[in-house]
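Take a look at the letters that make up each chain.
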Amino acid sequence: MTSHQPPGKRLRLFVAIELPGEVLQALNDIQHELQQEPALARLRWVRPEGIHLTLKFLGETPAAKQPAIEQMIARAVEGVAPFDLHLGRLGKFGGRSSPRVVWVDVAGDVEALQRLQAAVERELAKAGFPPESRAFSPHLTLARIPPERARDVAEPLARVIEAATPGSAAMRVGSVALMKSELRPSGAVYTRLFDAPLR
């Protein structure tokens, strides 16, 4: 499936695995559990429908590049069979006193996921998207922490992460999507532009 844009336009793009409804519901439940801690209620919570398993962030990209990007994603998934993942543990990015992001990682066939991400990375490098300097760390972002609140939430966040039980909602990864992100005052809106099935 593909949706092409006017050639002069620029699009904010990323490559991701979309999550099924039961996984999004599980993430919503985890967020609700975390929000019971008063110190965490005012974090910037990501709406569950806006959570994806991002494989590659492309950023602002000329719309004219979209067809080539789609071809590269299709090549990256050639010969990749569907595989299974499930929710893992709760964690955070940032130091103990300066947390920045709250996330849930994924477990299951993570090796297949890493091979898929590496193939996407290799193909898109041919279109001028430089490989990430950091190792791929598959995760699902639940909340972002404003810098001015980091110190206040650090201790309660560490305590909640230690006690949390994210559950194990499962998913079968069957395709990779090219996604468009539009930043609006009400929050980001995501649109799937292209979907490459695994087979």
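As a starting point, this report considers the structure included with it.

## Looking at the overall build of the chain
Along its length, the chain carries four helices and nine strands. In terms of C-alpha radius of gyration, the chain reaches 17 Å, essentially the compact-globule figure of 16 Å for 199 residues. Summarising its shape, the C-alpha atoms of the chain cover approximately 45 × 35 × 30 Å along the three principal directions. Burial analysis of the chain (199 residues in total) assigns 48% to the buried set. When contacts within the chain are restricted to residue pairs at least 6 apart in sequence, long-range pairs at least 24 apart make up 79% of them. Summed over all atoms, the accessible surface of the chain reaches about 10,200 Å², with 51% contributed by carbon and sulfur.

## What to know about the sheet that holds strand β5 (residues 98–108)
Either a parallel or an antiparallel arrangement is found when strands of a sheet pair, and the pairing is made through backbone hydrogen bonds. The five strands lie next to each other as β2-β6-β5-β4-β7, forming an open sheet whose pairing is antiparallel. One side of each edge strand has no neighbouring strand; the edge strands of this open sheet are β2 (44–45) and β7 (170–173). Relative to β7, strand β4 (residues 83–95) runs antiparallel, the two sharing four bridges. For F83, the partnering residue across the bridge sits in β7 and is V173.

## Side note on the nonpolar core
Core analysis: the largest hydrophobic core is formed by 60 residues, its most contacted members being L27 and L142. Residue contacts for L142: discarding those within four places in its chain leaves L27, I30, Q31, L34, R44, W45, V46, I51, L90, V102, W103 and V104.

## Brief notes about the pairing of strand β9 (residues 187–197)
Pairing geometry for strand β8 (residues 175–184) and β9, over ten bridges, is antiparallel. Bridging across to β9, R184 finds its partner in G187. Turn length for the β8-β9 hairpin, with the two strands adjacent in sequence and antiparallel, is two residues.

## A few points about the packing of aromatic side chains
In total, this model carries two aromatic pairs according to the counting rule given. When the ring of F14 is compared with that of Y190, the centres are 5.7 Å apart and the planes differ by 90 degrees; the resulting orientation is edge-to-face. You can see F14 sitting in strand β1 (residues 10–17) and its partner Y190 sitting in strand β9, a full 176 residues away along the chain. Centre to centre, the rings of F93 and W103 are 5.4 Å apart; their planes meet at 50 degrees, and the pair counts as tilted. Taken as a pair, F93 in strand β4 and W103 in strand β5 lie far apart in primary sequence, ten residues in all.

Procedures and definitions
- Residues numbered from 1 in each chain as written.
- Predicted model: local features only at pLDDT ≥ 70, side-chain atom pairs only at ≥ 80, totals over all residues.
- Heavy atoms only, no water.
- Helix = DSSP H or I, 4+ residues; strand = E, 2+ residues; numbered from the N terminus.
- Rg over C-alpha atoms; globule rule 2.2 N^0.38 Å.
- Buried < 20%, exposed > 50% of the residue type's maximum accessible area, 1.4 Å probe, protein only.
- Contact = heavy atoms within 4.5 Å.
- Areas by Shrake-Rupley, 256 points an atom, 1.4 Å probe, with all protein chains shown as cover.
- Pairing = 2+ DSSP bridges.
- Core = buried A, V, L, I, M, F, W, Y, C linked by side-chain atoms within 4.5 Å.
- Phe/Tyr/Trp six-rings, centres within 6.5 Å; stacked < 30°, edge-to-face > 60°.

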